Protein chains: 2
Amino acid sequence: MKYITIKDIAKKLNTSVSTVSRAFNDKSDINAKTKEVVLKTAKEMGYRQNRMAKNLVQRRSFNIGIVVPEFVNSFFPEVIMGAQDVLFEKGYQVLITQSNECYTTELKNVQSLENSMVDGLLISLSSETANIDYYQDLVNSGFPIIFFNRTYKEIKASKVLFNDYKWAMFATEHLIRQGYRNIYHFQGIKTLTLSRERRRGFMDAHKKHKITVEPHQVITSGFFMEDGEIIAKKLIKNNTIPDAIFAANDQLAIGAMNVFKNNGYKVPEDIAFIGFSESKMGSIVEPPLSSVKQPTFEIGKQAAKLLLDQIEAGNNHSPQTVMLDGELHIRESSQKKI
Amino acid sequence: MKYITIKDIAKKLNTSVSTVSRAFNDKSDINAKTKEVVLKTAKEMGYRQNRMAKNLVQRRSFNIGIVVPEFVNSFFPEVIMGAQDVLFEKGYQVLITQSNECYTTELKNVQSLENSMVDGLLISLSSETANIDYYQDLVNSGFPIIFFNRTYKEIKASKVLFNDYKWAMFATEHLIRQGYRNIYHFQGIKTLTLSRERRRGFMDAHKKHKITVEPHQVITSGFFMEDGEIIAKKLIKNNTIPDAIFAANDQLAIGAMNVFKNNGYKVPEDIAFIGFSESKMGSIVEPPLSSVKQPTFEIGKQAAKLLLDQIEAGNNHSPQTVMLDGELHIRESSQKKI
DNA sequence: TTGTAAGCGTTATCAA
DNA sequence: TTGATAACGCTTACAA
């Protein structure tokens with residue numbers, strides 16, 4: 001496979017590379033006829049611009065890299081679509097990369113993107129990521145980068161976050177107000193800031209209502225439906241049945257709900273459920289799952305905007321944190337019938 | 001933001017760029033001590049290799065581009081993960097791009113990837129894509145590219161496909177054998193080859209059993225849950241109620257099923273449902289949805305393998321089509337209770 | 001083992 | 001309006 005270059009075109013047309021280059025970049029003055037001929041010949045010859053070379057000399061790519069930990073759930077895809085919306089409009093292209101919740105892959109992805117000369121990065125960390133040195137160095141070196149959703153308090157950089165604490169508290173209070181007293185929290189992956197924040201909301205809601213929480217009421221796991229199923233089976237086996245469950249995401253809630261239903265428990269009569277990060281699944285499951293709705297598209301949009309600002313500002317910008325709010329969607333799974 | 005280059009390092013160390021370059025590429029002989037010093041200084045200075053420049057001279061990037069039409073449903077993410085598995089192992093990095101079912105975006109994505117000098121492309125076309133000239137040119141120019149799932153018969157290139165015809169036929173026959181006679185087909189987006197194949201399977205199953213199909217039994221729409229809902233509402237309004245529905249994907253089936261259920265129809269007693277491309281949603285909906293299971297990971301793996309073969313082979317390869325098979329997962333939504 | 005210099009495909013500067 | 005030519009940051013003969 002042979003690359004056709006502007007040199008080849010220039011040779012064929014008996015002109016110079018600069019003339020050919022001009023034909024492709026509307027800027028410099030060039031004879032309309034010359035331009036036409038060049039463009040036509042280029043097409044005939046099957047010329048395709050080599051962006052690497054162009055980027056190399058212009059020192060920017062108009063590409064933005066996005067790194068997410070997974071995209072099998074619709075959460076991250078929606079965020080990405082939000083980001084694409086504002087990025088496309090400004091002429092940027094988006095390169096997406098997923099780490100499969102693996103730190104090594106994540107790092108490789110970031111480096112691959114960096115080396116591809118993306119002009120900036122939007123990143124949500126994998127559940128495995130514990131060492132943030134690389135990212136902090138990157139930020140400190142002046143590379144434009146925005147962290148969203150999955151991040152660490154310790155990182156000094158711009159972030160777009162959801163107010164996990166507040167909405168976890170609201171969700172828990174909703175259950176308490178319905179009269180539930182033996183509420184369990186499925187917190188997912190323990191180490192993430194967002195998990196800790198949701199857990200804190202869960203705890204403080206109890207504190208506020210002067211209800212004590214036993215350690216066994218908070219259960220750690222992964223973030224998938226299967227994890228919820230495993231927990232539910234264990235609870236049934238040990239015959240420790242909560243009267244309500246607040247899960248750190250819908251997948252966990254749904255997995256557990258299915259197991260309990262299959263074992264004869266009624267929802268919400270025997271056990272109430274509330275999830276987090278409202279997903280499409282939550283609306284089709286029976287009964288429909290209450291959940292905290294996160295503004296996924298908006299998260300993507302805000303992150304993209306922050307990033308573009310940062311790219312424009314160059315070195316004179318200071319880290320900013322955008323904190324977004326959601327909605328509590330109460331559905332049948334958590335409503336005491338009177 | 002200033003890039004540190006090997007030149008900077010060379011200057012600081014009073015050595016040549018080639019020595020520095022050697023230190024980073026284990027190949028050429030270089031004094032162990034020199035190498036050590038270079039690497040250390042590089043780290044101190046915050047050097048980061050510019051892959052664009054490297055790629056430019058080496059004329060390859062070890063990056064593979066993937067283009068999908070959407071990834072809010074889990075189908076494409078799963079395919080991508082399959083592809084990543086085999087690509088990572090061979091040292092390739094993956095850049096994902098989504099077209100949002102839009103031809104213009106798709107084309108931009110492809111060009112962006114091409115220009116980023118990806119070594120090859122895995123692509124599934126948007127529902128809007130009608131003109132395939134660009135892709136055919138690309139293929140003809142010798143660029144390694146594999147089409148999967150969403151493609152056109154007309155494109156002369158390597159493909160990884162699912163046997164849509166056969167499994168659509170099986171799914172329909174399953175309904176016929178259960179005794180259903182007034183079966184509707186939600187075919188999704190009409191123009192795609194896969195839609196046409198599934199439709200053909202639906203028709204031929206009827207033909208085989210000598211049942212006539214009226215034109216109004218085949219309904220065109222988009223591919224989302226909302227589309228299924230709209231169709232169902234229309235059918236109810238017109239009081240033309242099928243006794244069974246074979247939908248081109250699970251989303252359509254679920255959308256319609258929910259509307260029918262909310263309007264008092266029993267599934268499968270009043271209407272039976274069977275979907276396609278088994279999704280997680282299908283297993284949590286009530287009653288669980290019968291569906292044709294596609295080997296998503298395997299599709300990705302096969303596509304990646306084909307691509308790597310093609311990259312290795314250079315010009316002496318001929319287009320290959322891999323046709324994969326699935327499974328019919330019969331669940332409650334299509335089982336006549338006796 | 002190291003250094004020099006050419007070249008990858010562009011754009012950009014300066015003359016012509 | 002065009003053409004030479006020097007970059008961009010890197011690798012790689014070839015020479016020392």
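Parameters and conventions
Residues numbered from 1 in each chain as written. Chains lettered and ligands numbered in written order. Predicted model: local features only at pLDDT ≥ 70, side-chain atom pairs only at ≥ 80, totals over all residues. Heavy atoms only, no water. Salt bridge = Lys/Arg side-chain N within 4 Å of Asp/Glu carboxyl O. Helix = DSSP H or I, 4+ residues; strand = E, 2+ residues; numbered from the N terminus. Buried < 20%, exposed > 50% of the residue type's maximum accessible area, 1.4 Å probe, protein only. Near = heavy atom within 4 Å. Polar contact = N/O pair within 3.5 Å; in protein donor to acceptor, adjacent residues only side chain to side chain. Nonpolar A, V, L, I, M, F, W, Y, C, P; charged D, E, K, R; others polar. Pairing = 2+ DSSP bridges. Axes fitted to C-alpha atoms, helices over the stretch in contact; angles between N-to-C directions. Contact = heavy atoms within 4.5 Å. Phe/Tyr/Trp six-rings, centres within 6.5 Å; stacked < 30°, edge-to-face > 60°. Lys NZ or Arg CZ within 6 Å of the ring centre and 35° of its normal. Expected span 1.5 Å × (residues − 1). Right-handed = clockwise from strand over helix to strand, strands pointing away. Least-squares fit on C-alpha atoms with pLDDT ≥ 70 in both. Domains from an automatic or database assignment. Buried area = accessible area lost by both parts, 1.4 Å probe.

(A) Molecular detail of the pattern of salt bridges. Inspection of every chain in the model, using the stated rule, returns 30 salt bridges over all chains. Here Lys280(B) makes a salt bridge to Glu226(A), at a shortest N to O gap of 3.5 Å. In this pair, Lys280(B) sits in helix H12 (residues 280-284) while Glu226(A) sits in helix H10 (residues 225-238), so the two residues belong to two different chains. A relative accessible area of 36% places Glu226(A) in the partly exposed class.

(B) How the structure looks around the protein's contact with DNA strand D. Taken together, 27 residues form the shell around DNA strand D, and within it Thr15(A), Thr19(A), Arg22(A), Arg59(A) and Tyr47(B) come nearest. Put simply, 66% of the atoms of DNA strand D that lie within 4 Å of the protein are in sugar or phosphate. Within the backbone of Asn31(A), an N or O atom sits 3.2 Å from a phosphate oxygen of DNA strand D. Between a phosphate oxygen of DNA strand D and a side-chain N or O atom of Gln49(B), the distance comes to 3.4 Å. Secondary-structure elements contributing two or more residues to the surface near DNA strand D are helix H2 (17-24) and helix H4 (51-58) of chain A together with helix H1 (6-13), helix H2 (17-24) and helix H4 (51-58) of chain B. Of the residues forming the surface near DNA strand D, the biggest block, four residues, is contributed by H4(B). When its residues are assigned to classes, the surface near DNA strand D shows seven nonpolar, 13 polar and seven charged.

(C) Representation of the side chain of Asn109(A) within the structure. On the secondary structure map, Asn109(A) appears in helix H6 (residues 103-115). We classify Asn109(A) as buried; its relative accessible area is 1%.

(D) Looking closely at the sheet that holds strand E7 (residues 218-220) of chain B. Residue and element names in this part refer to chain B. The strand order E7-E6-E8-E9 describes an open sheet built from four strands, whose pairing is parallel. In this open sheet, the two strands that pair with only one neighbour each are E7 and strand E9 (272-274). Neighbouring strand axes in the sheet, compared pairwise and without regard to direction, differ in orientation by 20° on average. When strand E8 (residues 244-247) meets E9, the two strands line up parallel, connected through three bridges. Its bridge partner being in E9, Phe-246 is matched across the sheet by Ile-274. Relative to the sheet, helix H9 (residues 193-208) contacts strand E6 (183-188), E7 and E8, its axis offset from that of E6 by approximately 165°. Its contacts with the sheet put helix H11 (residues 250-262) on E6, E8 and E9, and the angle it makes with E9 is roughly 160°.

(E) Structural detail: unusual backbone geometry. Here the residue pair Glu286(A) and Pro287(A) is connected by a cis peptide bond, since its omega of -5° sits within 30 degrees of zero. Counting through the fold element by element, Pro287(A) comes out in the loop between helix H12 (280-284) and strand E10 (291-293). Even without a glycine there, the phi angle at Asn100(A) is positive, about 60°. Structurally, Asn100(A) is set in the loop between strand E2 (93-98) and H6. Overall, Asn100(A) belongs to the partly exposed group, its relative accessible area being 38%. The backbone phi angle of Asn149(B) is positive, close to 60°, even though this residue is not glycine. Here Asn149(B) lies in the loop between strand E4 (145-148) and strand E5 (158-162).

(F) Spotlight on the packing of aromatic side chains. Applying the stated criterion across every chain, the model contains 25 aromatic pairs over all chains. Plain terms: the ring middles of Trp167(A) and Phe170(A) are 5.0 Å apart, the flat faces sit at 80° to each other, and that makes the pair edge-to-face. A residue pair is termed a helical-turn pair when its members lie 3 or 4 positions apart in one helix, as Trp167(A) and Phe170(A) do in helix H8 (residues 164-177) at three residues. Measuring from ring centre to ring centre gives 5.9 Å for Phe162(B) and Phe276(B), while their planes differ by 80°; the resulting arrangement is edge-to-face. In this pair, Phe162(B) sits in strand E5 while Phe276(B) sits in the loop between E9 and H12, placing the two residues 114 residues apart along the sequence. Sitting over the ring of Tyr165(A), Arg200(A) keeps its end group 4.0 Å from the ring centre. Geometry around Phe62(B) places Arg60(B) over its ring, the cationic atom sitting 4.3 Å from the centre.

(G) Seen up close, the protein's contact with DNA strand C. Close contacts around DNA strand C come from 28 residues, with Ser21(A), Thr15(B), Ser18(B), Arg22(B) and Arg59(B) the closest. Atoms of DNA strand C within 4 Å of the protein: sugar and phosphate make up 67%, bases the balance. The side chain of Ser21(A) places a nitrogen or oxygen atom 2.4 Å from a phosphate oxygen of DNA strand C. Measuring from a phosphate oxygen of DNA strand C, one finds a backbone N or O atom of Asn31(B) at 3.0 Å. When residues of the surface near DNA strand C are traced back to their parent elements, those giving at least two are helix H1 (6-13), H2 and H4 of chain A together with H2 and H4 of chain B. When residues of the surface near DNA strand C are assigned to their parent elements, the largest contribution, four residues, is made by H4(A).

(H) Fine view of helix H11 (residues 250-262) of chain A. Residues and elements named next belong to chain A. For H11, which comprises 13 residues, the first-to-last C-alpha distance of 18 Å matches the rise-based estimate of 18 Å (1.5 Å per residue) to within 8%. With respect to burial, H11 is a largely interior element, 11 of its 13 residues being buried. Those residues of H11 that fall on the buried side of the exposure criterion are Asp-250, Gln-251, Leu-252, Ala-253, Ile-254, Gly-255, Ala-256, Met-257, Asn-258, Val-259 and Phe-260. Between the side-chain oxygen of the N-cap and the backbone nitrogen of Gln-251 there are 3.2 Å, and the N-cap of H11 in question is Asn-249.

(I) Spotlight on the pairing of E4(B). All names here are of chain B. Burial of the side chains of E4 extends over both faces: Ile-145 and Phe-147 are buried on one face and Ile-146 and Phe-148 on the other. The pairing of strand E3 (residues 120-123) with E4 spans three bridges and is classified as parallel. Note on E4: the bridge partner recorded for Leu-122 is Ile-146. A crossover links E3 with its parallel partner E4, the connecting element being helix H7 (residues 133-140), and its sense is right-handed. Pairing of E4 with E5 involves three bridges; the strand directions are parallel. In the strand pairing of E5, Ile-146 is matched with Ser-158.

(J) Geometry of the side chain of Gln187(A). Residue and element names in this part refer to chain A. Along the chain, Gln-187 falls in strand E6 (residues 183-188). A relative accessible area of 4% means that Gln-187 is categorised as buried. Among the polar contacts made by the side chain of Gln-187, one reaches the side chain of Thr-220 at a distance of 2.7 Å. Non-local contacts of Gln-187, meaning those with residues more than four positions away in its chain, are made with Ser-195, Arg-199, Val-218, Ile-219, Thr-220, Phe-223 and Ala-248.

(K) Structural view of the relation of the copies chain A and chain B. With an RMSD of 0.2 Å, chain A superimposes on chain B once it is rotated by 180° and translated 0.1 Å along the axis. Each copy turns onto its partner about a two-fold axis. With an isologous cut-off of 70% or more, the 100% of interface residues of chain A that recur at the interface of chain B puts this contact in the isologous class.

(L) Inspection of the domain arrangement of chain A at higher detail. Residue and element names in this part refer to chain A. Segmentation of chain A into domains returns domain 1 (6-49), domain 2 (60-161 + 295-326) and domain 3 (164-294). The straight-line distance from the C-alpha centre of domain 2 to that of domain 3 is 29 Å. At the junction of the two partners, domain 2 supplies 14 residues and domain 3 supplies 15 residues. In total, about 1,400 Å² of surface goes out of reach between domain 2 and domain 3, with carbon and sulfur atoms giving 52% of it.

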